[in-house]
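Here is what each chain is made of, one letter per residue.
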Amino acid sequence: MRVLVTGGSGYVGSHAVRELSAAGHEAVIYDNLSTGHRRFSEGYRLIEADIADGAALAGALEGCDAVMHFAASAYVGESVENPRKYFRNNVESALKLLDGVLASRTRLFIFSSTCATYGIPRTLPITETSRREPINPYGATKMFFEQALAAYSVSHGLRSVSLRYFNAAGAHPGGAIGELHEPETHLIPLALKAALGTAPALKVYGKDLKTEDGTCIRDYVHVSDLGRAHVLALDYLAQGGATTAMNLGTGEGTSVAQLIAAVERVSGRSVPHTYVEPRAGDPPALFADAARARSVLGWRPRFDLLETLRTAWNWELKLQAGGYRI
Ligand SMILES: NC(=O)c1ccc[n+]([C@@H]2O[C@H](COP(=O)([O-])OP(=O)(O)OC[C@H]3O[C@@H](n4cnc5c(N)ncnc54)[C@H](O)[C@@H]3O)[C@@H](O)[C@H]2O)c1
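To keep things clear, this report deals only with the structure shown in the data block. (Residues numbered from 1 in each chain as written. Predicted model: local features only at pLDDT ≥ 70, side-chain atom pairs only at ≥ 80, totals over all residues. Heavy atoms only, no water.)

This brings us to the side chain of Thr 211. Relative to the assigned elements, Thr 211 resides in the loop between β8 (202-205) and β9 (217-218). Each residue touching Thr 211, except ones within four places of it in the same chain, is listed here: Ile 217, Pro 284 and Ala 285. (Helix = DSSP H or I, 4+ residues; strand = E, 2+ residues; numbered from the N terminus. Contact = heavy atoms within 4.5 Å.)

Written out as structure tokens, the structure is:
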């Protein structure tokens, strides 16, 4: 199948593009390069345009069987400071993308949603039926778009899978692509940089939280496993699967203290860190029940935490050695 991949020059999208190719599909990348990297698109067709650009979209969608929609603004903190940017890009522009899709013959759609749509969970692990009460504008925009997709499915015949990722982590095992956000806000790259001495000591938000060791618990899922889930979701829709949403996580919660220990093991270096106040509205623990993805898609993560960290470490070493230029 030919798949239009919005945001295919970004972190998760570029890994999904490789998984699509590996499965014999054709990926066409559609990206405005606002946070993505041209270099991540090398070897693929890249259409450099915005999802709100109806004319560019119409051309790009010609001959496409499906859309994978990664393009979004994706910083929780920034969404609190500048909600307008988030509602504009993740809702208004994303609805224009849907207008373009409905005007085309493409009727299969896969969406990058997030565990941020759940807010602070009342019970763990989080299932798809857990209450969804986003606590920041980023999560609210993603939930809104999921609801638009559910409604468009009923009334416009656009079938979709919304994939609610937990924390994307790691890099492509081949070493050509990996995590490269500016600014970097994600824990693993910050921990690796702190170990290398190329970033300040890691800030650990909270040490007296209501978790076993007092630090924050998250579910780290390898980015190539996320990419593979997209390909499986595409197969599911192509075989007539109904619109649905599902969690993508390993089901394992890892605390920041455990993560630091694992980074030290993988890198052979210590991770300098300091404890600071917990961030307002930061849930102490989030991890997934991914049973639905397992039963509906047959998806199981292939990378465990140490393997994920090894790929991230190799990527970080490559970045630091200057072996990678944008
Ligand atoms: N990284 C995570 O842990 C995580 C977790 C849950 C959900 N997600 C979601 O996954 C998706 C990808 O996240 P990421 O971490 O790869 O982010 P990223 O910033 O690396 O990728 C986003 C890509 O979309 C492009 N883009 C943004 N707005 C666009 C627009 N209007 N038109 C065209 N292109 C546009 C950017 O240039 C970039 O290449 C996002 O939708 C994000 O919300 C990410």
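Okay, the pairing of strand β4 (residues 66-69) next. Side-chain alternation along β4 places Ala 66 and Met 68 on one buried face and Val 67 and His 69 on a second face that is also buried. Bridging between strand β1 (residues 2-6) and β4 involves four bridges; their strand directions are parallel. Across the sheet, residue Leu 4 finds its bridge partner in β4, namely Val 67. By the bridge criterion, three bridges tie β4 to strand β5 (residues 108-114) in an arrangement that is parallel. In the sheet register, His 69 faces β5, and the bridge partner there is Phe 111. (Buried < 20%, exposed > 50% of the residue type's maximum accessible area, 1.4 Å probe, protein only. Pairing = 2+ DSSP bridges.)

By nearness alone, 29 residues border the ligand, and Asp 31, Thr 35, Asn 89, Tyr 138 and Lys 142 come closest of all. Between Ser 34 and the ligand, the recorded distance is 3.0 Å, taken from a backbone N or O atom to an oxygen atom. Between a nitrogen atom of the ligand and a side-chain N or O atom of Asp 50, the distance comes to 3.2 Å. Here the ligand has 830 Å² of accessible area as a free molecule, and 95% of this is covered by the chains. Of all elements in the fold, only α1 (11-22), β5 and α5 (137-156) reach the threshold of two or more residues within the shell around the ligand. Residues of the shell around the ligand, tallied by class, amount to 13 nonpolar, 13 polar and three charged. (Near = heavy atom within 4 Å. Polar contact = N/O pair within 3.5 Å; in protein donor to acceptor, adjacent residues only side chain to side chain. Areas by Shrake-Rupley, 256 points an atom, 1.4 Å probe, with all protein chains shown as cover. Nonpolar A, V, L, I, M, F, W, Y, C, P; charged D, E, K, R; others polar.)

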